[in-house]
Amino acid sequence: MKIEIFRFGRCEVRVHCRQVALDGHDQSIEPLPFDLLVFLIRNRDHVVSKDQLIDQIWINRYVTDGVIATAIQKVRRAIGDHGTPPSFIVTSYRRGYRFVAEVEEIAEHDGACHDLMAGHTDLMATVHSQKWVNRLDGTLEKSLGNRHEITGLLHALMLADH
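Worth saying up front: this structure is predicted, and the values here are computed from it rather than measured. (Residues numbered from 1 in each chain as written. Predicted model: local features only at pLDDT ≥ 70, side-chain atom pairs only at ≥ 80, totals over all residues. Heavy atoms only, no water.)

## A few points about the side chain of Asn43
Right, so step 1: Position of Asn43 among the secondary structure elements: in the loop between helix H1 (31-42) and strand S5 (48-49).
Right, so step 2: Among the polar contacts made by the side chain of Asn43, one reaches the main-chain carbonyl oxygen of Phe39 at a distance of 2.8 Å. (Helix = DSSP H or I, 4+ residues; strand = E, 2+ residues; numbered from the N terminus. Polar contact = N/O pair within 3.5 Å; in protein donor to acceptor, adjacent residues only side chain to side chain.)

In structure tokens form, the structure reads like this:
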């Protein structure tokens, strides 16, 4: 399987791993802002309207301009885009947002996420134990259509292990 990686500035975004690294250090980023970042990078050839963001990221839920602005702010924080004007994500007044940095796209094979799990070998052993597998199976059946719930469950598993 090929894994999509985007590099720009001092950042690297590993889509399959849901990982953002700034200067080689993993950044904390919530699932929705991560999805927003990837969507903006993939659509960097044009301004992405707020309506497009609502349709694709918030999936037609009611959101205010403030919710979108807060998510953009979280993305900018994760990628170190603190300048004035911003270096990576530009706001187009009353139109939307555009990712403007030059991006290097890389396709790697399965091993690309190794760094993400390197410090969590004990977590993998726990997840593979029968107790956690049964719990995970039941929860995944209930929330199969909601990737945010699945990501939250995996995060909870990591926290429970430590």
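Right, picking up where we left off after that structure.
## A closer look at the packing of aromatic side chains
Right, so step 1: All told, the structure shown has three aromatic pairs when counted by the stated rule.
Right, so step 2: Ring geometry for Phe8 and Phe88: centres 5.1 Å apart, planes at 70°, overall edge-to-face. With Phe8 in strand S1 (residues 3-8) and Phe88 in the loop between helix H3 (65-79) and strand S6 (89-92), this pair connects stretches of sequence that are 80 residues apart.
Right, so step 3: On the accessibility criterion, Phe8 (2% relative accessible area) is buried.
Right, so step 4: Aromatic rings pair up to connect Phe8, Phe88 and Phe99 into one cluster. (Phe/Tyr/Trp six-rings, centres within 6.5 Å; stacked < 30°, edge-to-face > 60°. Buried < 20%, exposed > 50% of the residue type's maximum accessible area, 1.4 Å probe, protein only.)

## Focus on the confidence of the model for the chain
Right, so step 1: In the predicted model, the chain carries a mean pLDDT of 79, and 65% of its residues have values of at least 70.
Right, so step 2: No element of the chain has a lower mean pLDDT than helix H5 (residues 121-128), which averages 43, and none a higher one than H1, which averages 97.
Right, so step 3: Below a pLDDT of 50 lies the segment residues 116-134, which in the model reaches 19 contacts outside its immediate sequence neighbourhood of four places, other chains included. (pLDDT = per-residue confidence, 0-100. Contact = heavy atoms within 4.5 Å.)

## Here we look at the sheet that holds strand S8 (residues 104-108)
Right, so step 1: The strand order across the open sheet formed by five strands is S4-S3-S2-S1-S8, and the pairing between neighbours is antiparallel. The strands lining the two open edges of the sheet, one partner per strand, are strand S4 (25-27) and S8. Neighbour-to-neighbour, the strand axes of the sheet open up by a mean angle of 25°, direction not taken into account.
Right, so step 2: Pairing between strand S3 (residues 19-22) and S4: three bridges, direction antiparallel. By the bridge assignment, Val20 is partnered in S4 with Gln27.
Right, so step 3: H1 contacts S1, strand S2 (11-14) and S3 of the sheet and is inclined by roughly 105° relative to S2.
Right, so step 4: Across the sheet, H3 lies against S1, S2, S3 and S4, angled at about 50° from S3, the strand it touches most. (Pairing = 2+ DSSP bridges. Axes fitted to C-alpha atoms, helices over the stretch in contact; angles between N-to-C directions.)

## As for the sheet that holds S5
Right, so step 1: On the basis of which strands lie adjacent, the open sheet formed by three strands has the order S5-S7-S6 and antiparallel pairing. Each of the sheet's edge strands pairs with one partner strand only, and the pair in question is S5 and S6.
Right, so step 2: Sheet analysis places S6 next to strand S7 (residues 96-99), joined by four bridges and oriented antiparallel. Across the sheet, the residue bridging to Val90 is Arg98, located in S7.
Right, so step 3: Along the sheet, H1 contacts S5, S6 and S7; its crossing angle with S7, the most-contacted strand, is approximately 70°.
Right, so step 4: Packed on one face of the sheet, H3 meets S6 and S7 and runs near 155° to S6.

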